[in-house]
Number of protein chains: 2
Amino acid sequence: MSDKIFVSAEEVARKAGVSRSAVSRAFTAGASIAPETRRKVMEAAEALGYHVNHLARGLMRNESGIVCLVVSDMGTPYRSALIKALTQQLQNAGKIAMIVNTDRSDERVDMALRQAIRYRADASIVLSGMPDKSLVDLCVRNGQRLVLINRDDEHQGPLRINLDEEDTAQSVVTAFLRAGCRRLAFANSEAGTPSLMAREVGFVAVAREQGLDVTVERFGPTGYESGKVLAQRLMTRRERPDAVFCVTDLVALGFMDAARHQFSLSIPQDLCVVGFDDIPQAAWNSYDLTTFSQPIEEIATAAVAWLMSDDVGQSQSLRLNAPFVWRRSVRSA
Amino acid sequence: MSDKIFVSAEEVARKAGVSRSAVSRAFTAGASIAPETRRKVMEAAEALGYHVNHLARGLMRNESGIVCLVVSDMGTPYRSALIKALTQQLQNAGKIAMIVNTDRSDERVDMALRQAIRYRADASIVLSGMPDKSLVDLCVRNGQRLVLINRDDEHQGPLRINLDEEDTAQSVVTAFLRAGCRRLAFANSEAGTPSLMAREVGFVAVAREQGLDVTVERFGPTGYESGKVLAQRLMTRRERPDAVFCVTDLVALGFMDAARHQFSLSIPQDLCVVGFDDIPQAAWNSYDLTTFSQPIEEIATAAVAWLMSDDVGQSQSLRLNAPFVWRRSVRSA
DNA sequence: ACCACTCTTGCACGGCTTTGCAAACTTCTT
DNA sequence: AAGAAGTTTGCAAAGCCGTGCAAGAGTGGT
């Protein structure tokens, strides 16, 4: 390997006939430098292929420009869409995203935060799993911003972004009732994430208020395959449900496929289905799934805005709305 | 903000009653240090919440541990799966992934590589777009490894990973012929990426060898919606095709949905469809799409292996196989 | 011609780590 | 008990950049 390695500010300075500090200033917005000097520096830099070393800059400024995204299941439509939005917005804000994949083992979330600390990330955004309290404290103590998305727990310090699912259950139950459904079911995974569990609990509660019982089934990870299994379980019951609320779109799509292809049911005639997330596939013609739309852009905007703002300590908990999206998987009145 | 900020090796050294270099060695694998000393250091570090500053370490070692992923359309199933595999494997190799989102504007790929240089990334992996030749040279000259995935062009220096699609066209044409199809079509996007165009050209060529003509249609970006439009265009032709090879699974799925729901065609009875990528959705019951499987894990493994190896300069161009996956969207003999 | 100002620029230090080198310490041999 | 051989440790330099400070350059007024 031709270990010439990178060009340093020193060399640029020599070539431009100025001091090294001049080079530094040329690349610092708002620094006191004559336009002419800056031009000379930029020219020399361009010629040599110089690029400011952000590692060193981060060292000095105590601000690396790195934001760490902690995430699992990133092959999933919802997760990948969120990552996309976040990286985009971070870049617009002049930051850069570092990704830590925490697939399998929750303990890896802690490793991820450690990694973020090592690289002196300005902030971390946790999309999956649940970091240990002590780690969260460590981050905060180190002046690192922390955003927890859809992990509603009771940590202090970080910004917590959650969905306001107050009306969710109400909307679904109302829709099912209006469609004439009476035998309700909830299809959940076994992940047990707080937000997923809250969805189940809320739905069951509202249904009960209306005097309806809900059959709850839980199985496997939160994905398409689990949806199929859940359909097999629910549709072979004595009292076959005529409406099912699936914890997630992926689950709902698996459910629909099994209901149609294995049980020859028509949707929405024989069965009404509602999902959650509004992933692109939910809108595909084969499914046309009624669901709730995750406000992905808003989440990303809020997260980035918060971690760019100077005044920490302001509103620490944010609730966003997931609008109901009417499609054809539920009979209309 | 409580600007205590991060703990430094200095403080750990003081607390452990050793020198600063001892702390450094304690955190360096294979360094010459007494077990007892290391224990003392680790204890003090744990107590203070010390973490090695990778920015400074990278500065010294001339090896940041960062690998930059340059990608657009990361919300897409294929891309996100690839990112997932890459981040995973990079982590296993002790590296960390930095993501640069290059959605819209190809010029952004250059910005991305610049960003990679600024952070002194050990390597960059380009999944989308086409970097400018001068930038590639700059990276290589700076000792940065570069991997180009599915961007078959003629750059020198970087590792190029491409699919061997020699047999692809042959397989598809054979399958269509065996299914009794005679009016072939190719549904392409307007993206014009080399690998996508190669697919089209290869298919047309092989079909022609067999004495069959291919209707080629191109439209929009490479996605589900374009597939629908392409179906509308191809299916309203005088000579309606009875078999279509879609440049991508997403296009194929859109095509299928439009064919079924807008033209009431049955697949595979009235129309045979083949896609490319084998995204999870292709296996969903509603589609059951015959396609080619992108060897995602192999790609990731090869990329990471190459950028970890000491001897650069070895095999610079790699061709992997995308196995044919038989499903139900093509009639069997 | 001189002074008061403002704008630029260079010096030198600081931020945090790694590592070559030589000194200090162990351990063991003879 | 002294010396050889091997380990461990601290010192100091190096890696690259940002910035306070003070000196220098330029401007304009009188």
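Since the structure is predicted, the reported quantities are computational estimates derived from the model, not experimental observations.

Undergrad: For the protein's contact with DNA strand D, give the residues involved together with the corresponding values.
TA: Lining the immediate environment of DNA strand D, one finds 22 residues, of which A9, S24, Y50 and R57 of chain A together with T37 of chain B sit closest. For DNA strand D, the backbone makes up 54% of the atoms found within 4 Å of the protein, where backbone means sugar plus phosphate. Interatomic distance of 3.3 Å between a side-chain N/O atom of S21 of chain B and a base nitrogen of DNA strand D. The set of elements that each furnish at least two residues to the surface near DNA strand D consists of α2 (20-26) and α4 (54-61) of chain A together with α2 (20-26) and α4 (54-61) of chain B. For the surface near DNA strand D, the leading source of residues is α2 of chain A, giving 4 residues. A class-by-class count of the residues in the surface near DNA strand D yields 10 nonpolar, 8 polar and 4 charged.

Undergrad: Would you mind going over the protein's contact with DNA strand C in detail, with residue names and values included?
TA: Inspection of the region around DNA strand C gives 24 residues, with T37 and M60 of chain A together with A9, S24 and R57 of chain B positioned closest. Of all DNA strand C atoms lying within 4 Å of any protein atom, the proportion belonging to sugar or phosphate reaches 57%. At a separation of 3.1 Å, a phosphate oxygen of DNA strand C approaches a polar backbone atom of A34 of chain A. At a separation of 2.5 Å, a phosphate oxygen of DNA strand C approaches a polar side-chain atom of R57 of chain B. Within the residue set of the surface near DNA strand C, elements represented by two or more residues are α2 and α4 of chain A together with α2 and α4 of chain B. Considering only residue class, the surface near DNA strand C consists of 11 nonpolar, 8 polar and 5 charged.

Undergrad: Tell me about the interface of chain A and chain B, and name the residues and values.
TA: Each partner contributes to the interface: chain A provides 64 residues, whereas chain B provides 64 residues. Approximately 6200 Å² of surface area, both sides summed, lies buried where chain A meets chain B, with 57% of it carried by carbon and sulfur atoms. There are 2 salt bridges connecting chain A and chain B. Across the salt bridge formed by D103 of chain A and K84 of chain B, the nearest N and O atoms sit 3.6 Å from each other. In this structure, the connection of chain A to chain B is made through 24 residue pairs in polar contact (both at pLDDT 80 or more).

Undergrad: Describe helix α8 (residues 166-178) of chain A, naming the residues involved and giving the relevant values.
TA: Residues three or four positions apart in an α-helix share a direction because the helix packs 3.6 residues into each turn. Residues and elements named next belong to chain A. Of the residues making up α8, those classed as buried are T168, A169, V172, V173, A175 and F176. Burial along α8 is one-sided: seen end-on, the buried residues are contained in an arc of 160°. Exposed and facing more than 90 degrees away from the buried side of α8 are E166 and R178. Following α8 by one or two positions, G180 has its phi on the positive side, about 85°.

Undergrad: Quick rundown of the sheet that holds strand β7 (residues 214-218) of chain B? Include the residues and the values.
TA: Residue and element names in this part refer to chain B. The sheet built from 4 strands is open, its strands ordered β7-β6-β8-β9 with parallel pairing. Where the open sheet ends on each side, the last strands, each with one partner, are β7 and β9 (272-274). Going across the sheet, the axis of each strand differs from the next one's by a mean of 20°, ignoring polarity. Where helix α8 (residues 166-178) meets the sheet, its contacts fall on β6 (184-188), β8 (243-246) and β9, and the angle it forms with β8 comes to roughly 160°.

Undergrad: Got a sec to walk through the relation of the copies chain A and chain B? Specific residues and values, please.
TA: Overlaying chain A with chain B gives an RMSD of 0.1 Å, the required rotation being 180° about an axis along which the chain moves by 0.1 Å. Those values place the two copies in the arrangement expected of a two-fold rotation axis. Among all residues of chain A, the minimum C-alpha distance to the rotation axis is found for M98 of chain A, at 2.1 Å. Taken as a fraction of all interface residues of chain A, those also at the interface in chain B reach 100%, which identifies the copy contact as same-surface.

Undergrad: How would you summarise the nonpolar core if you had to cite specific residues and measurements?
TA: Within the largest apolar cluster, 162 residues are counted, with the highest numbers of intra-cluster contacts made by I125, F176 and F255 of chain A together with I125, F176 and F255 of chain B. The greatest single-element share of this core, amounting to 9 residues, is contributed by helix α11 (residues 249-263) of chain B. The contact partners of I125 of chain A, leaving out residues within four places of it in the chain, are V67, C68, L69, V70, L86, V147, I149, A303 and L307 of chain A.

Undergrad: Summarise the sheet that holds strand β2 (residues 96-101) of chain B; cite the residues concerned and give the values.
TA: Through backbone hydrogen bonds, the strands of a sheet pair up, either in parallel or in antiparallel fashion. Spatially, the 12 strands line up as an open sheet ordered β11(A)-β5(A)-β4(A)-β3(A)-β1(A)-β2(A)-β2(B)-β1(B)-β3(B)-β4(B)-β5(B)-β11(B), and their pairing is mixed. What marks the edges here is a single partner per strand, and that holds for β11 (317-321) of chain A together with β11 (317-321) of chain B. In this sheet, neighbouring strand axes are inclined to one another by 25° on average, regardless of whether the strands run parallel or antiparallel. As paired elements, strand β4 (residues 145-149) of chain A and strand β5 (residues 159-164) of chain A share 3 bridges and run parallel to each other. In the strand pairing of β5 of chain A, V147 of chain A is matched with L159 of chain A. Sheet strands in contact with helix α12 (residues 296-308) of chain A are β1 (66-71), β3 (123-126), β4, β5 and β11 of chain A, and its direction is about 165° off that of β4 of chain A. Relative to strand β4 (residues 145-149) of chain B, helix α12 (residues 296-308) of chain B is tilted by about 165°, and along the sheet it contacts β1 (66-71), β3 (123-126), β4, β5 (159-164) and β11 of chain B.

Undergrad: Lay out empty space enclosed by the protein with the relevant residues and their values.
TA: Tallied over the full model, the rule gives 1 cavity of 30 Å³ or more. What the largest cavity holds in volume is close to 40 Å³. Taken together, M74, S80 and I83 of chain A together with M74, S80 and I83 of chain B form the lining of the largest cavity. Listed by contribution, the elements that provide at least two residues to the lining of the largest cavity are α5 (77-92) of chain A together with α5 (77-92) of chain B. Counted by class, the lining of the largest cavity contains 4 nonpolar, 2 polar and no charged residues.

Undergrad: How would you summarise the packing of α5 of chain B against α12 of chain B if you had to cite specific residues and measurements?
TA: Each pair of packed helices can be described by the angle between their axes along with the distance between the axes. Residues and elements named next belong to chain B. Relative orientation of the contacting elements α5 and α12 amounts to 40°, with a least axis distance of 9 Å. For the element pair α5 / α12, the angle class is oblique. For the pair α5 and α12, the sense of crossing is right-handed. Taking contact as the criterion, the partners of Y78, A81, L82, A85, L86, Q89 and L90 in α5 are, on α12, I296, E297, I299, A300, T301, A303, V304 and L307. When grouped by side-chain class, the residues that make up the contact of α5 with α12 number 12 nonpolar, 2 polar and 1 charged.

Undergrad: Please set out the pattern of salt bridges residue by residue, giving values where relevant.
TA: Think of it this way: side chains of opposite charge can pair up when their charged atoms draw near. Taken as a whole and judged by the stated rule, the model has 27 salt bridges over all chains. Where E217 of chain A meets R233 of chain A, a salt bridge forms, and the shortest distance between an N and an O atom there is 3.6 Å. One end of the pair, E217 of chain A, is in strand β7 (residues 214-218); the other, R233 of chain A, is in helix α10 (residues 224-235), with 16 residues separating them in the sequence. The buried category is assigned to E217 of chain A, whose relative accessible area is 12%. In this structure R233 of chain A comes out as partly exposed when scored by relative accessible area, which is 37%. With a shortest N-O distance of 3.0 Å, R327 of chain B and D278 of chain B are connected by a salt bridge. Here R327 of chain B is found in the segment after β12 (324-325), whereas its partner D278 of chain B is found in the loop between β9 and β10 (291-292), with 49 residues between them in sequence. Exposure remark for R327 of chain B: the relative accessible area of 19% places this residue in the buried category.

Undergrad: Quick one: what's the story with the UniProt feature "domain: HTH lacI-type" (unreviewed entry) in chain A, residue by residue and with numbers?
TA: Cross-referencing UniProt, the feature "domain: HTH lacI-type" (unreviewed entry) maps to residues 7-61 of chain A in the present numbering. Between the first and last C-alpha atoms of residues 7-61 of chain A the distance is 21 Å; the span itself is 67% helix and 0% strand.

Conventions used here
Residues numbered from 1 in each chain as written. Chains lettered and ligands numbered in written order. Predicted model: local features only at pLDDT ≥ 70, side-chain atom pairs only at ≥ 80, totals over all residues. Heavy atoms only, no water. Near = heavy atom within 4 Å. Polar contact = N/O pair within 3.5 Å; in protein donor to acceptor, adjacent residues only side chain to side chain. Helix = DSSP H or I, 4+ residues; strand = E, 2+ residues; numbered from the N terminus. Nonpolar A, V, L, I, M, F, W, Y, C, P; charged D, E, K, R; others polar. Contact = heavy atoms within 4.5 Å. Buried area = accessible area lost by both parts, 1.4 Å probe. Salt bridge = Lys/Arg side-chain N within 4 Å of Asp/Glu carboxyl O. Buried < 20%, exposed > 50% of the residue type's maximum accessible area, 1.4 Å probe, protein only. Arc of directions from axis to C-beta. Pairing = 2+ DSSP bridges. Axes fitted to C-alpha atoms, helices over the stretch in contact; angles between N-to-C directions. Least-squares fit on C-alpha atoms with pLDDT ≥ 70 in both. Core = buried A, V, L, I, M, F, W, Y, C linked by side-chain atoms within 4.5 Å. 1 Å grid on protein atoms, 1.4 Å probe; cavity = no way out; pocket = protein on both sides within 12 Å on 5 of 7 lines; lining within 4 Å. Points joined across faces, edges and corners; volume = space filled by probe spheres on them. Parallel < 35°, antiparallel > 145°, perpendicular 65-115°, else oblique. Left-handed = near helix turned anticlockwise from the far one by under 90°. UniProt positions renumbered as here; feature names shortened; annotations may be inferred.

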